[in-house]
Structure formats: C-alpha cells, structure tokens
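Summary of structural features
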Amino acid sequence: MNFKDSHLHIGNYETVLAILQNTIYWDKYKLYRAVNPEAIKSQEIYLSSLSDFWAIPIIFKEISIPRENAFVTSFCENYGKGIPVTLIDNNQNFEETFKYAIFKEHFLLHKYEDYPERTFYYEYLSQKNGYLIIHSKDSIRVEYLKKLRANFPHMNLIVAHLGRKTFENFEDILSILNEFKDDDHVYFDFSTINDINIIMLAIKTIDYKRILYGSDFPYDFDYQKEIKRKELIETSLENNPHILEAIGGTNFERIKTLSRIR
C-alpha cells in the first residue's frame, strides 16, 4: 500500500545542523537528540515512497515560526506534492494567507497557559471547521485538550502519537482514547508508535475513521524500520482492508479536502 503520511517534518539541512551544533537545549529535550540531520539531507528519498503527506516544519525552540512556515509552503510548491501545515503563532502575527485550515501546535514552542495569545488561530480554525495537530505536555494534556474543545467547538484536534506520554504505555494511551472516543472532533495519529498491539488497541477503541498513519520523520527515524512497520500494519489488517485503506490514506484525503481554503 502506498501510505499517506499525516505527521512528518520538513527542514533545511544546513539550518538544522547549525541549530544542533549550537543549541543550549541538547541535554534538556530529547527531541534534539532524536534528530539525525543526515535523514533530512536525504528526505526526498522517504517522501518518494509516499503518495502524499502533511509537511510540518522542524520543531526546535530556536526556530523562527514565520520563516519555517514559509519554508514548508515553498517546499511543497516546488516538490509538487505535500500539504504545508502552518505552525501556530501569536495573535500579533496572524495573517489570513493560509492554503489549508490545518495547523500545528507543540509544547516546546507553545506554552499551554499562554493559549489566549493564540486565539486568532483557534477562532479561525473553529470558523473553518479546521484541524489542529497538537502534542501537548504530558501533565496537562487532557485538561488542555478539553479546554480547547470547550472554547472552540468547531475546531478539530488531531492528537499526535496517540496522546502517549514518554513511553508506549497501554494504560496511558487507552485512558486518553477513552476520554475522547465519543468526540467526533478529536482524531489521533500513531506516529512514533511501533507496538502494533497499541495501534490495534486504538482501532478497537475509537472510530477508525479518526485514526491516521504518521511517521514523525526525521525524529527517531529509520527508513528500513519504517518499511517493516508499514508491512506489519498491512499484515495485521489484511482481513480488514477497509480499515487499512482508511488509516493509511482515505482519512488523510478526507481531511485534506475539508481543510482546503476556498
């Protein structure tokens, strides 16, 4: 199956290398140690294996959000494939120039207590019935997701990594899946989840039409391991081809269509 990747990051090799060589956050955030700049250097090899993808900027505390948003937008235009996913910024920098109502928020750049400073983006997504890919901080993630759902009722959330904490823990993931299993505005991607039993658990717990394949390239990424993970997903769902097709592509395509700004 030719998968569509709902969670990967696109960056500039030289920019990423310079950040990693000069950062003061190397020991503080695992994210820095998870990036292999050589993977970015050859990112088009991985992209060529996909029929489509959402292009999220590389996440570091040092980045310029407007510059990275412009980079992924330009990359997708020049590459001829891929949907640019805009990083949330603050109200002061809000400009309605988006091609898709699908944004990304990450706790490394966006403190949850500062969410009022980003309300223009949330209100815009709620007006457009758009989508926010979110990776919130472990200790407050459910509380924060509930607050966003309550205050911006027409904004859809895509919870990254099945809402996991640091490890692939059955209980933690099952807890957040159950918390939102009846909310049709909350989706989940299973990027970084390598345990096929956890992926199958997610499919059994919530509507499979709200589950998306993702890789989190280039974070902790190994091309050969990703091929094997895809093969394992295909094997595990060989008796349920409609589910495989949904999580591997049609759910992605539906959101792509609905989020396009007209």
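Note that residues are indexed from 1 along each chain, following the sequence as it is written. Thresholds applied to this predicted model are a pLDDT of at least 70 for local features of residues and 80 or more for the giving and counting of side-chain atom pairs; totals over whole chains, interfaces and linings are not thresholded and use all residues. To get the side-chain values, take all heavy atoms of the structure and skip hydrogens and water.

1. Side note on helix 9 (residues 196-205)
- Burial classification: accessible surface area is computed with a 1.4 Å probe over protein chains only, and a residue below 20% of its type maximum counts as buried, one above 50% as exposed, and the rest as partly exposed. The numbering of helices and of strands both runs from the N terminus, where a helix is a DSSP run of H or I of at least 4 residues and a strand a run of E of at least 2. Among the ten residues of helix 9, eight are classified as buried, and the element is accordingly described as predominantly covered.
- Residues I196, I198, I199, M200, L201, A202, I203 and T205 constitute the buried set of helix 9.
- Here a residue-residue contact requires only that any non-hydrogen atoms of the pair lie within 4.5 Å. Elements in contact with the buried residues of helix 9: helix 8 (170-180), strand 9 (211-212), helix 10 (223-236) and helix 11 (241-259).
- Pairing of N or O atoms within 3.5 Å defines a polar contact, subject to two protein rules: one partner must be a possible hydrogen donor and the other a possible acceptor, and residues neighboring in sequence count only if both atoms are side-chain atoms. The backbone nitrogen of N197 has a side-chain oxygen 2.9 Å away, supplied by the residue at the start of helix 9, namely D195.

2. What about the packing of helix 9 against helix 10?
- Think of each axis as a best-fit line through the C-alpha atoms, taken over the contacting stretch in the case of a helix, with angles from 0 to 180 degrees between the N-to-C directions. At a minimum axis distance of 11 Å, the contact between helix 9 and helix 10 shows a crossing angle of 50 degrees. With respect to helix 10, the element helix 9 is oriented oblique. Crossing angle aside, the handedness with which helix 9 passes helix 10 is right-handed. Residues I196, I199 and M200 of helix 9 form the contact with helix 10, whose participating residues are R229, L232, I233 and S236. Throughout, the term roughly parallel applies to angles under 35 degrees, roughly antiparallel to angles over 145, roughly perpendicular to angles from 65 to 115, and oblique to all others. For a crossing to be left-handed, the near helix must be turned anticlockwise from the far one by less than a right angle; the clockwise case is right-handed.

3. Describing the packing of helix 7 (residues 141-151) against helix 8
- Where helix 7 meets helix 8, the axes come as close as 11 Å, and the angle between the chain directions of the two elements is 20 degrees. Viewed along their axes, helix 7 and helix 8 adopt a mutual orientation that is roughly parallel. Every pair of crossing elements has a handedness; the one defined by helix 7 and helix 8 is right-handed. Along its contact with helix 7, which presents R141, V142, L145 and K146, the element helix 8 presents D172, I176, E179 and F180.
- The residue classification treats Ala, Val, Leu, Ile, Met, Phe, Trp, Tyr, Cys and Pro as nonpolar and Asp, Glu, Lys and Arg as charged. All others, Gly included, are polar. Residue classes in the contact of helix 7 with helix 8 are distributed as four nonpolar, no polar and four charged.

4. Section: the nonpolar core
- We define a nonpolar core as any set of buried Ala, Val, Leu, Ile, Met, Phe, Trp, Tyr and Cys residues linked to one another through side-chain atoms lying within 4.5 Å. The biggest cluster of nonpolar side chains holds 56 residues, and the ones touching the most others in it are Y122, L132, L148, F188, F190 and I233.
- Top contributing element to this core by residue count: helix 9, with six residues.
- Core analysis: the next-biggest nonpolar cluster, separate from the first, contains 18 residues, I19, Y29, F60 and Y219 among them.

5. Re the packing of aromatic side chains
- The aromatic pairing rule takes the rings of Phe, Tyr and Trp, using the six-membered ring of Trp, and pairs them if the centres are within 6.5 Å, calling planes under 30 degrees apart stacked, those over 60 edge-to-face and the rest tilted. Tallied over the full model, the rule gives 28 aromatic pairs.
- Residues F98 and F103 carry aromatic rings whose centres are separated by 4.7 Å and whose planes lie at 55 degrees to one another, so their mutual orientation is tilted.
- For F98, a relative accessible area of 12% gives the class buried.
- Geometrically, the ring pair formed by Y115 and Y122 is tilted, given 6.4 Å between the ring centres and 40 degrees between the ring planes. Side by side, Y115 and Y122 carry an identical accessibility label, which is buried.
- Taken together, the ring pairs in this structure connect F94, F98, F103, F120, Y121 and Y124 into an aromatic cluster.
- By definition here, charges over rings are those cases where NZ of Lys or CZ of Arg is within 6 Å of the ring centre and within 35 degrees of the ring normal. Note that K61 overlies the ring of Y25, its terminal NZ or CZ placed 5.8 Å from the centroid.

6. Regarding the pattern of salt bridges
- We define a salt bridge as a side-chain nitrogen of Lys or Arg found within 4 Å of a carboxyl oxygen belonging to Asp or Glu. One pass over the structure, following the stated rule, counts ten salt bridges.
- Between R118 and E105 there is a salt bridge, and its shortest N-O distance comes to 3.4 Å. With R118 in the loop between strand 5 (102-106) and helix 6 (119-128) and E105 in strand 5, this pair connects stretches of sequence that are 13 residues apart.
- Its relative accessible area of 4% is what places R118 among the buried residues.

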